[in-house]
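What the coordinates show
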Amino acid sequence: MKIKSYLFLAAVVAVLSSCGGQSQQLPADNSFAVRTAGVSNADLQTTYPATIKGIQDVEVRPKVSGFITKVYVHEGQRVSAGQILFEIDNETYQASVRQAQAAVNTARSQMNTAKLTYENNKKLFEKNVIGQYELSTAQNSYMTAKASVAQAEASLASAKEMLDFCYVKSPASGVVGSLPYKVGALVSSSSQEALTTISDVSTVEVFFSMSESEILNLTKTAGNVQAAISSFPSVKLQLADGTVYNQPGKVVKMSGVIDATTGSISLIAHFANPNRLLKSGGAGKIIIPNIKGSQNQIIIPQEATVEVQDKFFVYVVTKDSKVKYTEITVNPQNDGKNYIVTSGLHVGDRFVSKGITKLNDGMAIKPITEAQYQKQLDEAAELAKKQGTAKGFIEAMTK
């Protein structure tokens, strides 16, 4: 008999070992946590999928063509407006500047000569040595020379500007994004991909959408769209790892157009980002607190439900302790942990609240409380830990 016990215990340990010793192992005697449906006041938070963007995301593109000769920044670096990011081969543009400068010098020399001629002709004209024609001709030559100087100076300014474009500068302060081009890459203003993106993430914009009916309800209650935005409570942001961001957000904008595909309206909330924790392009969930539901509602944990093609089901426990796969309807507003049941479940009904993945319709179970169920899981986890050492394995076998 003792040998059989050893073998049974070894089998249990083997099962626990094969699952990595995790505490999610269900009790082996068909014991399941059962809860009785009751009513309580619903005061749930509503969550909406959200996308995070910097308050300003600016693509950096070159204005001239050439090979990249230097990259002065790295990904994720903070930069200031006007800071040089890239240098493009500029030998040709430097030559153009020198050529334009030479043209300016030539034009100025010609202008100075024309000016001397004109001034000399004015004196001769005053002494009646030359006529009006000669004076006018000298004056026109001088004006033409001045225009040539202005044209040469404009060409020089253009050449210098083209040379300056070889030093690609940050258009705004922010954080450098990805750097798809390296030293030696040929780039131009028509390049398909930008050199990088500068994101100002001191404050981030979080985009989310609400249904048309929800917006209508808010607008009717507040009186108009602006009043609805102003009356919005502070919102929270749930990050991708499930944690809640430590800064509150404020809804500041609402789209005036309904998305014909989804029937929703886009909203924007601003969040301060002093520690630069939030990154442009990230995802999360907007949490709107204090969305009041009706009083005396049946509230059940989401882990007690099965969702199949937008339908929700629970396992109701019958009088003879068998489970019945039952469809329910729930309020779409939820806090991410619980559902408000609107039909399909009644006060006093018993339902399985934990471990439903092991159930089948019509299966007989042993109803226990959630506390008893958790105790069994804890004991199983403890046994799994003990079997990790030889001493613990022997102790488990001899108990």
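Conventions adopted
- Residues numbered from 1 in each chain as written.
- Predicted model: local features only at pLDDT ≥ 70, side-chain atom pairs only at ≥ 80, totals over all residues.
- Heavy atoms only, no water.
- Phe/Tyr/Trp six-rings, centres within 6.5 Å; stacked < 30°, edge-to-face > 60°.
- Helix = DSSP H or I, 4+ residues; strand = E, 2+ residues; numbered from the N terminus.
- Buried < 20%, exposed > 50% of the residue type's maximum accessible area, 1.4 Å probe, protein only.
- Lys NZ or Arg CZ within 6 Å of the ring centre and 35° of its normal.
- Pairing = 2+ DSSP bridges.
- Salt bridge = Lys/Arg side-chain N within 4 Å of Asp/Glu carboxyl O.
- Contact = heavy atoms within 4.5 Å.
- Axes fitted to C-alpha atoms, helices over the stretch in contact; angles between N-to-C directions.
- Parallel < 35°, antiparallel > 145°, perpendicular 65-115°, else oblique.
- Left-handed = near helix turned anticlockwise from the far one by under 90°.
- Core = buried A, V, L, I, M, F, W, Y, C linked by side-chain atoms within 4.5 Å.
- Expected span 1.5 Å × (residues − 1).
- pLDDT = per-residue confidence, 0-100.
- Polar contact = N/O pair within 3.5 Å; in protein donor to acceptor, adjacent residues only side chain to side chain.

What follows covers the packing of aromatic side chains. Given two aromatic rings, their pairing is described by the distance between the two centres and the angle made by the two planes. Tallying each qualifying case throughout the model produces six aromatic pairs. Ring geometry for Y48 and F208: centres 5.9 Å apart, planes at 35 degrees, overall tilted. Note that Y48 is positioned in strand β3 (residues 43–60) and F208 in strand β10 (residues 196–211), a separation of 160 residues in sequence. By relative accessible area, F208 is classed as buried at 2%. A ring pair is formed by Y118 and Y142, whose centres lie 6.0 Å apart and whose planes are at 10 degrees; its orientation type is stacked. Here the residue Y118 occupies a position in helix α2 (residues 91–126), and Y142 occupies one in helix α3 (residues 132–165), the gap between them amounting to 24 residues. Comparing Y118 with Y142, the two get one shared label, buried. An aromatic cluster is present here, built from F313, Y315 and Y325 joined pairwise through their rings. One Lys or Arg, K53, reaches over the ring of F207 and ends 5.3 Å from the middle of that ring.

Excluding glycine, residues mostly carry a negative phi; peptide bonds, for their part, are mostly trans. Non-glycine residue D310 carries a positive phi angle of around 65 degrees. Positionally, D310 belongs in the loop between β16 (306–308) and β17 (311–317). The exposure class assigned to D310 is exposed, which follows from its relative accessible area of 67%. Its identity is not glycine, yet S321 carries a phi of approximately 60 degrees, on the positive side.

With two bridges joining them, strand β8 (residues 174–176) and β10 adopt antiparallel strand pairing. By the bridge assignment, V175 is partnered in β10 with S199. Of the pairings in the sheet, the one linking β10 to strand β13 (residues 264–272) comprises nine bridges and is antiparallel in character. When the bridges of β13 are listed, F207 appears paired with I268.

Evaluation of the coordinates by the stated rule reveals six salt bridges. Two residues, E303 and K354, come together in a salt bridge whose shortest N-O distance is 3.0 Å. Of the two residues, E303 is situated in the loop between β15 (297–301) and β16 and K354 in the loop between β20 (350–352) and β21 (366–368); the sequence distance between them amounts to 51 residues. What makes E303 partly exposed here is its relative accessible area of 47%. Residue classification places K354 among the partly exposed positions, given a relative accessible area of 21%.

Overall, antiparallel pairing links the four strands, which are arranged β7-β6-β4-β9 in an open sheet. Lying at the two open borders of the sheet, with one neighbouring strand each, are β7 (167–169) and β9 (186–187). Where strand β4 (residues 66–71) and β9 come together, two bridges link them in antiparallel fashion. Each bridged residue has a counterpart across the sheet, and for F67 the counterpart in β9 is L186.

Take the environment of L186 next. The topology assignment puts L186 in strand β9. A sequence separation of 97 residues divides L186 from D89, and the C-alpha atoms of the two residues are 9.6 Å apart. Not counting residues up to four positions away in its chain, the partners in contact with L186 are G66 and F67.

What follows covers the packing of α2 against α3. Interhelical geometry of α2 versus α3 gives an angle of 165 degrees and a closest axis separation of 8 Å. Relative to α3, α2 is oriented roughly antiparallel. The handedness of the crossing between α2 and α3 comes out as left-handed.

With that settled, consider the nonpolar core. Taken as a class, soluble globular proteins show a tendency for nonpolar side chains to be buried jointly. Grouped together as the largest cluster of nonpolar side chains are 35 residues, with contacts concentrated most on L85, F86 and L195. Only β6 (84–88), α2 and α3 provide two or more residues apiece to this core. With 10 residues, the top contributor of residues to this core is α3. Non-local contacts of L85, meaning those with residues more than four positions away in its chain, are made with V60, K70, V71, Y72, V73, V79, V168, K169, S170, T196 and I198.

Its 36 residues give α2 an end-to-end C-alpha distance of 53 Å, which sits within 8% of 52 Å, the value for a rise of 1.5 Å per residue. The secondary structure elements touched by the buried residues of α2 are α3. Following α2 by one or two positions, N128 adopts a phi angle in the positive range, close to 65 degrees.

Our focus in this paragraph is the confidence of the model for the protein. Interpreting fine coordinate detail is not advised for predicted regions of low pLDDT. This prediction gives the protein a mean pLDDT of 85; 87% of its residues lie at or above 70. Within the model, the stretch residues 1–26 combines pLDDT values under 50 with 25 contacts to residues more than four positions away or in other chains.

Here we come to the side chain of S264. Tracing the chain through its elements places S264 in strand β13. By relative accessible area, which is 15% here, S264 ends up buried. One polar contact links S264 to T262, side chain to side chain, over a distance of 2.6 Å. Not counting residues within four places of it along the chain, the set of residues in contact with S264 comprises S209, M210, S211, E212, V257, I258 and D259.

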